[in-house]
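# What the coordinates show
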Amino acid sequence: MVDDENTTDSLAVTRRGALGGGAALLTLSLACEHVQPRQDPVPSPPVGGNGLDLRTTVNGHAVEVAIDTRTSLLDLLRERIGLTGAKKGCDHGQCGACTVHVDGRRVASCLTLAAKVEGREVTTIEGLANGEQLHPMQQAFIDHDALQCGYCTPGQIMAAVACVREGNATSRERIREYMSGNICRCGAYVGIVAAIEDAATKMGRG
Ligand code: FES
Ligand code: FES
């Protein structure tokens, strides 16, 4: 179980070097697939009159947790459930690092209230692979070396999967347009677009 983001990030750097590129972060993400959402890993915050007993599904696991109604979906995932794949980049809906799926549609989890996912299905990067088999988009990011530091990568991959499923991966121009909400400060865009083109054909949407 990955409990400490700092530990995870330092491992990512170390293993990235050992594996010579993009595989490390994705490997870690795959490993996170086995993380069982923690029911109440930290004490519930004082909620005063703003409490809510939330019931939702995250990566196929039923989750029931008491939250402050003002909690964002990103903070629910990272701070309460312990799934740190979705990253907090800007916390203002401007970078895409926090992208996850709700009922199959991509959302910026930093701008989504956790209360809005009551009774819905949330998928994060940790839930994308099928057991030990990477999702075609994860594999394509490795094959095309579509990352450098990897911080944006979970959000890029979740957005990319949605982009393909939406039917918007039909050309490089269209991919760029529909991925424009996901910023990569390392500038790995050439690899990202190539990965999406590649995965789209394998997902039957290219
Ligand atoms: S952290 Fe959500 S869009 Fe930047
Ligand atoms: S790989 Fe570093 S921000 Fe995208």
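Note: the structure precedes this text.
Residues numbered from 1 in each chain as written. Chains lettered and ligands numbered in written order. Predicted model: local features only at pLDDT ≥ 70, side-chain atom pairs only at ≥ 80, totals over all residues.

Right, let's get into the sheet that holds strand 1 (residues 51–58). The five strands lie next to each other as 2-1-5-3-4, forming an open sheet whose pairing is mixed. Edge positions in the open sheet fall to strand 2 (61–68) and strand 4 (105–108), since each of these has one partner strand only. Across the sheet, the axes of successive neighbouring strands diverge by a mean angle of 40°, strand direction being ignored. Pairing of strand 1 with strand 2, which is carried by eight bridges, proceeds in the antiparallel orientation. Residue pairing in the sheet places Gly 51 in a bridge with Asp 68 of strand 2. Each of strand 3 (99–102) and strand 4 is contacted by helix 5 (residues 153–165), which is oriented at about 40° to strand 3, the strand it contacts most. (Pairing = 2+ DSSP bridges. Helix = DSSP H or I, 4+ residues; strand = E, 2+ residues; numbered from the N terminus. Axes fitted to C-alpha atoms, helices over the stretch in contact; angles between N-to-C directions. Contact = placed C-beta atoms within 7 Å.)

At Asn 59, a residue that is not glycine, the phi angle is positive and equals roughly 50°. With respect to the helices and strands, the residue Asn 59 is situated in the loop between strand 1 and strand 2. In this structure Asn 59 comes out as buried when scored by C-beta crowding, with 23 C-beta atoms within 10 Å. For Asp 103, which is not a glycine, the phi torsion comes out positive at approximately 50°. Mapping Asp 103 onto the fold places it in the loop between strand 3 and strand 4. (Buried ≥ 20, exposed ≤ 12 C-beta atoms within 10 Å, placed from the backbone.)

Look at helix 4 (residues 136–143) against helix 5: their axes get within 10 Å of each other, and the N-to-C directions meet at 125°. Taken as axis vectors, helix 4 and helix 5 run oblique relative to one another. Once helix 4 is placed against helix 5, the crossing between them reads as right-handed. Each of Met 137, Gln 138 and Phe 141 in helix 4 lies in contact with helix 5, whose residues at this interface are Thr 153, Ile 157, Ala 160 and Val 161. Residue composition of the contact of helix 4 with helix 5, by class: five nonpolar, two polar and no charged. (Parallel < 35°, antiparallel > 145°, perpendicular 65-115°, else oblique. Left-handed = near helix turned anticlockwise from the far one by under 90°. Nonpolar A, V, L, I, M, F, W, Y, C, P; charged D, E, K, R; others polar.)

Take the pairing of strand 4 next. Relative to strand 4, strand 3 is paired through four bridges, and the arrangement is antiparallel. For Val 102, the partnering residue across the bridge sits in strand 4 and is Arg 105.

Okay, the nonpolar core next. Residues Ile 157, Ala 160, Cys 163, Val 164, Ile 196 and Ala 199 are the most contacted members of the largest nonpolar core, which totals 49 residues. Examining the composition of this core, we find that eight residues originate from one element, helix 5, more than from any other. When residues of this core are assigned to domains, at least three map to each of domain 1 (39–127) and domain 2 (130–202). Once residues within four sequence positions are removed from consideration, Ile 196 is found in contact with Ala 160, Cys 163, Val 164, Ala 169 and Ile 175. (Core = buried A, V, L, I, M, F, W, Y, C linked by C-beta atoms within 7 Å. Domains from an automatic or database assignment.)

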